[in-house]
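Per-entry structural report
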Amino acid sequence: MPPGAERVPWRWLAVGRASRRLVLVVVFVALLLDNMLLTVVVPIVPTFLYTTEYEGGNSSVAPARTEPAPPASRAPPFSSMFSYFDNTTVTVSGSTSAVDLANGTESSRPPQPPASSPPLPSGCPEGEEFLAEENVRVGLLFASKALVQLMVNPSVGLLTHRIGYHIPMFVGFVIMFLSTVMFAFSGTYTLLFIARALQGIGSSFSSVAGLGMLASVYTDDFERGNAMGIALGGLALGVLIGAPFGSVMYEFVGKSSPFLVLAFLALLDGALQLCILQPSKISPEGTQGTPVSALLRDPYILVAAGALCFSNMGVAMLEPTLPIWMMQTMCSPKWQLGMAFLPASISYIIGTNLFGILANKMGRWLCSLTGMAVVGISLLCVPLAKNIYGLIGPNSGLGFAIGMVDSSMMPLMGYLVDLRHASVYGNVYAIADVAFCMGFAIGPSTGGAVVRAVGFPWLMIIIGVINIAYAPLCWYLRNPPAKEEKIAILSQECPMPTTSYTTPKTLRDFPLTDDSDVEAENAE
């Protein structure tokens with residue numbers, strides 16, 4: 001083989017490491033797998049806990065209850081003269097009713113089983129008290145991921161500023177792989193809870209580092225908006241595939257199968273990161289970033305973060321409560337519990353890709369305001385559904401509207417940092433991820449308790465009204481002032497355009513090649 005042919009793969013790899021599109025592919029795949037694991041458990045956990053804990057507990061108690069039945073069957077020597085009792089005892093399933101009929105003392109008890117039996121022919125699960133308690137337990141399990149991610153995000157933002165984005169991205173892959181394998185082989189509520197919390201740590205590393213990496217590579221605001229829309233499309237695709245994929249695999253293959261498939265895909269993602277990102281290389285930011293405390297005092301960043309939090313809180317409340325509500329009211333089989341989220345996922349991926357471009361033209365503040373209003377209206381319509389087909393319209397509107405909010409607020413966070421602070425993006429996207437996680441922490445943890453207290457319809461009314469009431473605050477993001485404008489107002493002069501950034505930043509290639517750091521030092 002000629003030496004030139006041997007160098008072709010390495011030359012292709014060197015070109016790929018300097019390509020912004022391949023960086024976008026890496027972030028896309030990381031968000032895809034993270035959100036597939038986020039939603040694949042939604043239809044699995046409620047039915048798995050019901051099967052293992054409620055039905056398993058009843059089946060273990062059933063033999064003890066059926067042991068007194070043989071003495072009742074030994075009574076025929078005393079009642080053999082009444083041969084017509086033999087026919088009645090065969091048709092009655094309960095042992096107590098057989099004894100009562102044989103003795104002829106309780107004639108009013110046979111009507112009692114029909115009072116509790118109407119749900120059974122339609123396939124509704126038993127155990128109303130267990131399902132009510134399961135709302136709370138499943139909500140806490142789902143919220144554990146977001147709560148852990150909420151605590152880890154600020155530390156990851158500081159870490160990306162010191163060592164760059166590549167190593168945290170790879171650490172996130174390793175932790176997510178371990179969490180996926182643990183999900184596959186967990187058989188108790190405690191182990192599932194630990195696996196979900198471990199996923200929160202990995203998700204924090206992947207999302208903060210990935211979005212910060214995109215913001216640093218795509219410096220133009222319009223290109224950044226398009227890139228964020230594509231990356232959020234990976235998030236949407238993960239949500240789209242996760243719940244239906246989990247419900248079908250759990251119904252027809254088994255509980256471990258969807259998690260083992262995700263673990264294999266995570267290994268492919270790790271190999272892609274090793275080839276493209278070089279996670280052993282430390283590349284800290286050259287510019288001193290704005291502290292998180294200063295960013296949290298910026299009212300415009302807080303308004304944008306609030307929009308992300310409350311819009312995603314609605315779907316976060318649906319994840320643990322909607323499957324159980326469908327089991328109780330619609331008597332839905334297992335595969336429908338995940339399919340109910342399919343319209344929301346499809347419309348979300350359409351919304352993120354469509355408004356990643358349109359939001360910059362129509363105004364990101366208007367896009368977010370409209371999206372939050374539609375989120376509230378869609379949530380108000382969810383309890384009106386009588387079957388799974390009645391959920392198509394509300395869930396479609398919900399997913400499309402959340403896509404509008406996410407695709408407009410994510411790039412706006414980076415624009416606000418460029419406009420009002422130093423152009424270092426790790427901390428601001430840590431805040432954005434904190435807002436996202438607060439929605440997925442408060443939503444499931446409080447949603448189950450609210451459903452148990454006042455019911456599922458009132459939960460949807462409460463969160464829907466909150467979204468509609470918050471929507472007008474997005475108007476304040478219409479024309480946020482830059483720092484230069486404040487200086488110009490104080491000096492009563494305005495020599496600079498209002499859309500200029502705070503400090504001119506030397507643009508350099510994405511620091512993935514060995515020569516890029518030398519070029520950056522020469523430029524300085």
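Notes on the structure follow.

Rules used throughout
Residues numbered from 1 in each chain as written. Predicted model: local features only at pLDDT ≥ 70, side-chain atom pairs only at ≥ 80, totals over all residues. Heavy atoms only, no water. Axes fitted to C-alpha atoms, helices over the stretch in contact; angles between N-to-C directions. Helix = DSSP H or I, 4+ residues; strand = E, 2+ residues; numbered from the N terminus. Parallel < 35°, antiparallel > 145°, perpendicular 65-115°, else oblique. Left-handed = near helix turned anticlockwise from the far one by under 90°. Contact = heavy atoms within 4.5 Å. Salt bridge = Lys/Arg side-chain N within 4 Å of Asp/Glu carboxyl O. Buried < 20%, exposed > 50% of the residue type's maximum accessible area, 1.4 Å probe, protein only. Core = buried A, V, L, I, M, F, W, Y, C linked by side-chain atoms within 4.5 Å. Patch = residues over 30% accessible without salt bridge, like charges linked within 9 Å, V, L, I, M, F, W, Y side chains within 5 Å. Areas by Shrake-Rupley, 256 points an atom, 1.4 Å probe, with all protein chains shown as cover. Expected span 1.5 Å × (residues − 1). Nonpolar A, V, L, I, M, F, W, Y, C, P; charged D, E, K, R; others polar. Disulfide = S-S within 2.5 Å. Phe/Tyr/Trp six-rings, centres within 6.5 Å; stacked < 30°, edge-to-face > 60°. Lys NZ or Arg CZ within 6 Å of the ring centre and 35° of its normal. Polar contact = N/O pair within 3.5 Å; in protein donor to acceptor, adjacent residues only side chain to side chain.

1. Some thoughts on the packing of helix α15 (residues 299–329) against helix α18 (residues 364–381)
Viewed as axis vectors pointing N to C, α15 and α18 meet at an angle of 25°, and their least axial separation amounts to 10 Å. On the basis of their axis angle, the class for α15 and α18 is roughly parallel. Two packed elements cross with a definite hand, and for α15 against α18 that hand is left-handed. Residue-level inspection shows Ala-307, Phe-310, Ser-311, Gly-314 and Leu-318 of α15 in contact with α18, the latter providing Ser-368, Met-372, Val-375 and Leu-379.

2. A few points about the pattern of salt bridges
One pass over the full model with this rule turns up one salt bridge. In this structure, Arg-420 engages Asp-298 in a salt bridge whose closest nitrogen and oxygen atoms are separated by 2.8 Å. Here the residue Arg-420 occupies a position in helix α19 (residues 392–420), and Asp-298 occupies one in the loop between α14 (292–296) and α15, the gap between them amounting to 122 residues. We note that Arg-420, like Asp-298, is buried.

3. Thoughts on the nonpolar core
Counting residues in hydrophobic clusters, the biggest one holds 112 residues, and the most contacted among them are Leu-318, Leu-322, Met-326, Met-413 and Tyr-429. If you tally residues by element for this core, the top one is α15, at 17 residues. When neighbours within four sequence positions are excluded, Leu-318 is seen to be in contact with Pro-323, Phe-341, Leu-379, Val-382, Asn-395, Leu-398, Phe-456 and Met-460. Grouped together as the second largest cluster of nonpolar side chains are eight residues, Val-148, Val-156, Ala-197 and Val-208 included.

4. Details of a nonpolar patch on the surface
Together, Ile-377, Leu-380, Val-454, Trp-458, Ile-461, Val-465 and Ile-468 line one region of the surface with nonpolar side chains, adding up to about 590 Å² of accessible area. Those elements that provide at least two residues to the nonpolar patch are α18 and α21 (456–470). Ranked by residues supplied to the nonpolar patch, first place goes to α21 with four residues. Positionally, Trp-458 belongs in helix α21.

5. A word on the side chain of Arg-196
Summarising the element assignment, Arg-196 is placed in helix α11 (residues 189–217). By relative accessible area, Arg-196 is classed as buried at 1%. Residues within four places of Arg-196 in sequence aside, it is in contact with Leu-37, Leu-38, Val-41, Leu-141, Phe-142, Ser-144, Lys-145, Phe-183 and Glu-319.

6. Focus on helix α2 (residues 20–40)
Its 21 residues give α2 an end-to-end C-alpha distance of 30 Å, which sits within 8% of 30 Å, the value for a rise of 1.5 Å per residue. The buried fraction of α2 is high, at 15 of 21 residues.

7. Observations regarding the packing of helix α10 (residues 166–185) against α11
Relative orientation of the contacting elements α10 and α11 amounts to 155°, with a least axis distance of 8 Å. With respect to their mutual orientation, α10 and α11 come out roughly antiparallel. For the pair α10 and α11, the crossing hand works out as left-handed. Here the contact of α10 with α11 is composed, by residue class, of 17 nonpolar, seven polar and one charged.

8. Remarks on the state of the cysteines
Tallied over the entire structure, the rule returns zero disulfides. For Cys-367, which is in no disulfide, the shortest distance to another cysteine sulfur is to Cys-474 and amounts to 9.7 Å. According to the relative accessible area criterion, Cys-367 is buried, its value standing at 0%.

9. What to know about the packing of aromatic side chains
Tallied over the entire structure, the rule returns seven aromatic pairs. Ring geometry for Phe-183 and Phe-259: centres 5.3 Å apart, planes at 10°, overall stacked. Taken together, the residues Phe-183 in helix α10 and Phe-259 in helix α13 (residues 256–276) connect sequence positions 76 residues apart. Take Phe-183: its relative accessible area is 0%, and that puts it in the buried class. Its relative accessible area of 2% is what places Phe-259 among the buried residues. Across from the ring centre of Tyr-189, 4.4 Å away, lies the NZ or CZ of Arg-137, which sits over that ring.

10. Structural notes on the side chain of Ser-186
Among the secondary structure elements, Ser-186 is positioned in the loop between α10 and α11. From its side chain, Ser-186 meets the backbone oxygen of Met-182 in a polar contact 2.4 Å long. Among all residues touching Ser-186, those that are not within four sequence positions of it are Phe-48, Leu-191, Leu-192 and Lys-255.

Read these as spatial facts, not as claims about activity.
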